[in-house]
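Chain residues, written in single-letter form:
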Number of protein chains: 2
Amino acid sequence: MRVVIPLYDRFTALDAVGPYEVLRLVPGAEVTFVADRPGPIQADSPALAMVATATYADVTDCDVLVVPGGIGTHDRLTDRPLLDFLVGMANTARWTTSVCTGSLLLGAAGLLAGRRATTHWARASLLARYGATHTPGRVVIDGNVVTAAGVSAGIDMALSLAERLTDRLTAEAIQLAIEYDPQPPFATGCAATAPQRVKDRVTAGLG
Amino acid sequence: MRVVIPLYDRFTALDAVGPYEVLRLVPGAEVTFVADRPGPIQADSPALAMVATATYADVTDCDVLVVPGGIGTHDRLTDRPLLDFLVGMANTARWTTSVCTGSLLLGAAGLLAGRRATTHWARASLLARYGATHTPGRVVIDGNVVTAAGVSAGIDMALSLAERLTDRLTAEAIQLAIEYDPQPPFATGCAATAPQRVKDRVTAGLG
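The text that follows walks through the structure, step by step, so that each part is easy to find. (Residues numbered from 1 in each chain as written. Chains lettered and ligands numbered in written order. Predicted model: local features only at pLDDT ≥ 70, side-chain atom pairs only at ≥ 80, totals over all residues. Heavy atoms only, no water.)

**Brief notes about the relation of the copies chain A and chain B**
- Note on the copies: chain A fits chain B at an RMSD of 0.0 Å, the axial shift is 0.0 Å, and the rotation between them is 180°. Here the transformation between the copies is reduced to the relation of a two-fold axis. Rotation axis and chain A: the residue whose C-alpha lies nearest the axis is Met 50 of chain A, separated from it by 2.3 Å.
- Taken as a fraction of all interface residues of chain A, those also at the interface in chain B reach 100%, which identifies the copy contact as same-surface. (Least-squares fit on C-alpha atoms with pLDDT ≥ 70 in both. Contact = heavy atoms within 4.5 Å.)

**Looking at helix H4 (residues 153-165) of chain A**
All names here are of chain A.
- If you check H4, its first and last C-alpha atoms are 18 Å apart, about what 13 residues at 1.5 Å a residue would give, namely 18 Å.
- Across the 13 residues of H4, eleven count as buried, placing the element largely inside the fold.
- Buried within H4 we find Ala 153, Gly 154, Ile 155, Asp 156, Met 157, Ala 158, Leu 159, Ser 160, Leu 161, Ala 162 and Leu 165. (Helix = DSSP H or I, 4+ residues; strand = E, 2+ residues; numbered from the N terminus. Expected span 1.5 Å × (residues − 1). Buried < 20%, exposed > 50% of the residue type's maximum accessible area, 1.4 Å probe, protein only.)

**Here's the deal with the packing of helix H5 (residues 153-165) of chain B against helix H6 (residues 168-177) of chain B**
Residue and element names in this part refer to chain B.
- Where H5 meets H6, the closest approach of the two axes is 7 Å, and the angle between their N-to-C directions is 150°. Relative to H6, the element H5 is oriented roughly antiparallel. In this structure, H5 meets H6 at a crossing whose hand is right-handed. On H6, the residues that touch Leu 159, Ala 162 and Glu 163 of H5 are Arg 168, Ala 171, Ile 174 and Gln 175. (Axes fitted to C-alpha atoms, helices over the stretch in contact; angles between N-to-C directions. Parallel < 35°, antiparallel > 145°, perpendicular 65-115°, else oblique. Left-handed = near helix turned anticlockwise from the far one by under 90°.)

**Quick word on the interface of chain A and chain B**
- Contact residues are listed per partner, giving 67 residues for chain A and 67 residues for chain B.
- Between chain A and chain B the total buried area reaches about 5,800 Å² when both faces are included, carbon and sulfur atoms providing 64% of it.
- Considering only the surface of chain A that becomes buried against chain B, Leu 176, Glu 179 and Phe 186 of chain A emerge as the three largest contributors, covering 14% of it.
- For the interface between chain A and chain B, the tally reads two salt bridges.
- Residue Asp 44 of chain B is joined to Arg 24 of chain A by a salt bridge in which the shortest nitrogen-to-oxygen separation is 3.1 Å.
- One can count 34 residue pairs in polar contact (both at pLDDT 80 or more) joining chain A with chain B.
- Of all the secondary-structure elements, those providing two or more residues to the side of chain A that touches chain B are helix H1 (13-23), strand E2 (30-35), strand E4 (49-52), H4, helix H5 (168-177) and helix H6 (196-203) of chain A.
- A per-element tally of the side of chain A that touches chain B places H5 of chain A first, with ten residues. (Buried area = accessible area lost by both parts, 1.4 Å probe. Salt bridge = Lys/Arg side-chain N within 4 Å of Asp/Glu carboxyl O. Polar contact = N/O pair within 3.5 Å; in protein donor to acceptor, adjacent residues only side chain to side chain.)

**Comments concerning the packing of H5 of chain A against helix H7 (residues 196-203) of chain B**
- Axis separation between H5 of chain A and H7 of chain B bottoms out at 9 Å; the angle between their running directions is 75°. Between H5 of chain A and H7 of chain B, the angle falls in the class roughly perpendicular. Where H5 of chain A abuts H7 of chain B, its residues Leu 169, Thr 170, Glu 172, Ala 173, Leu 176 and Ala 177 of chain A lie against Arg 197, Val 198, Lys 199, Arg 201 and Val 202 of chain B.
- For the contact of H5 of chain A with H7 of chain B, the class distribution of residues is six nonpolar, one polar and four charged. (Nonpolar A, V, L, I, M, F, W, Y, C, P; charged D, E, K, R; others polar.)

**A few points about the pattern of salt bridges**
All names here are of chain A.
- Counted by the stated rule, this structure contains 24 salt bridges over all chains.
- One salt bridge connects Asp 36 with Arg 37, and the closest N-O pair in it is separated by 2.9 Å.
- Overall, Asp 36 belongs to the partly exposed group, its relative accessible area being 39%.
- Arg 37 gets classed as partly exposed once you look at its relative accessible area, which sits at 32%.

Below, the structure written as C-alpha cells:
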C-alpha cells in the first residue's frame with residue numbers, strides 16, 4: 001500500500017509527520033515524500049527541512065494521498081505541475097486526504113468541487129472559492145475525500161483512516177504504539193470555543 | 001531563546017516534530033536540529049530523513065533541550081559524543097526534556113539519577129537502570145527535567161513548556177494555532193487502560 005505525501009517549500013512539518021507516523025505503521029504501507037525535486041524541502045520555519053525521495057514523475061499512483069498545509073500553500077494555488085500531480089494521484093487513490101490548508105491545494109486542483117471539507121479555522125472562508133462547503137469538524141469525510149482541520153488534526157485523521165485501511169484492532173494498536181492519549185494543557189484548541197483574546201493573539205501573529 | 005533537538009539515525013520523527021512545531025511558535029525561539037554530522041538524518045522508517053543543520057561542536061549552549069526517542073535509541077546508549085553533548089546542553093539549559101525513549105538517552109548521560117521520569121510505556125522498566133523512578137504520567141516534571149511519554153506526548157509537553165517559557169495567553173494561542181483539539185478515534189492510547197489484546201498487538205509488532 002503506497003502512501004504519497006507531497007512536500008513544497010514552507011509546508012508545515014506536523015501536517016505531514018502526524019499522518020506519516022500513523023500510516024507508516026499500517027502493515028504493508030510504504031510512505032513516499034514527493035516534491036518537484038528530490039532532496040531537502042524547507043518547512044515553514046528556517047529550522048527544518050525534510051527530504052523528498054521522489055519527484056512527481058517518479059510516482060504514477062498511490063493508495064492514499066496526504067496533502068499537508070502550511071504558509072507555503074498560498075504560492076502553490078496556481079502551481080500547475082503540483083496541481084496536476086494531485087489530480088493524477090487522486091485519480092488512482094482509494095483515499096484523497098489533506099491536513100490544514102492542504103485542502104486549499106485539493107480545491108485548487110478541482111478535487112473539492114461539490115464536497116464538504118475543512119481546513120485550518122483561520123482559512124475556512126477560502127474553501128468556497130473551490131466549490132467546497134466548509135463543514136465544521138476535526139475530520140470531514142465526503143466519499144473518498146477526507147480533510148482534516150489545522151496541523152495536529154492530521155493525527156486523528158490518519159488513525160481513522162488506518163481503521164478503514166486495515167481493521168479496528170490494528171488501528172487501536174497504532175494509537176497505543178504512538179501513545180496517543182492526548183492531554184492538552186489548555187481548552188483553547190478549537191476556534192469555535194476558544195476565547196476571543198486567544199483567537200486575536202493568533203490572527204495578530206504570535207511574534 | 002535557543003531550542004536544541006538532537007537527531008540520530010532511526011529517531012522517531014513525531015517525537016521531534018511535535019515539540020518543534022509548538023516551540024518554534026514561542027516568540028523569539030530559534031530551533032536547531034543537531035547531529036554528529038550535518039545533513040539528512042534517517043528516521044526510523046526508510047521513508048523519512050530530516051536535515052540536521054549543526055553538529056555537536058557548533059552548539060555550545062541552549063535554553064531548551066528536547067531529546068527525541070526512537071528505535072535508534074538503543075544503539076546510542078553508549079555513544080559518548082552524543083551523551084557528552086547532552087550533558088553539555090543540560091548544564092546550560094533552563095529545561096532539559098525528552099520524548100518517548102529519549103529519556104533513556106538522558107538516563108545514559110547521567111541526567112536522570114534520583115529523578116522521577118517517564119518514557120514510552122513499553123520501555124518503562126528500563127528507567128531504573130539509570131537511577132530514575134518511573135512515574136506514571138503523560139508529562140513528568142522533576143525540577144528542570146521534563147520527560148514525556150511515548151511519541152505524541154511531546155506535543156502536550158511542549159505546550160506546558162511554552163507556558164513556562166512565556167505566559168498562559170501565548171501558550172493558549174500556540175495551542176489554537178496548531179488547532180490542538182484532539183479527538184482520538186479510539187480509547188486505546190494509554191497502556192494502563194488499553195485492552196490486553198491491543199497491547200499484545202503492539203508488543204508482537206504491528207507488521
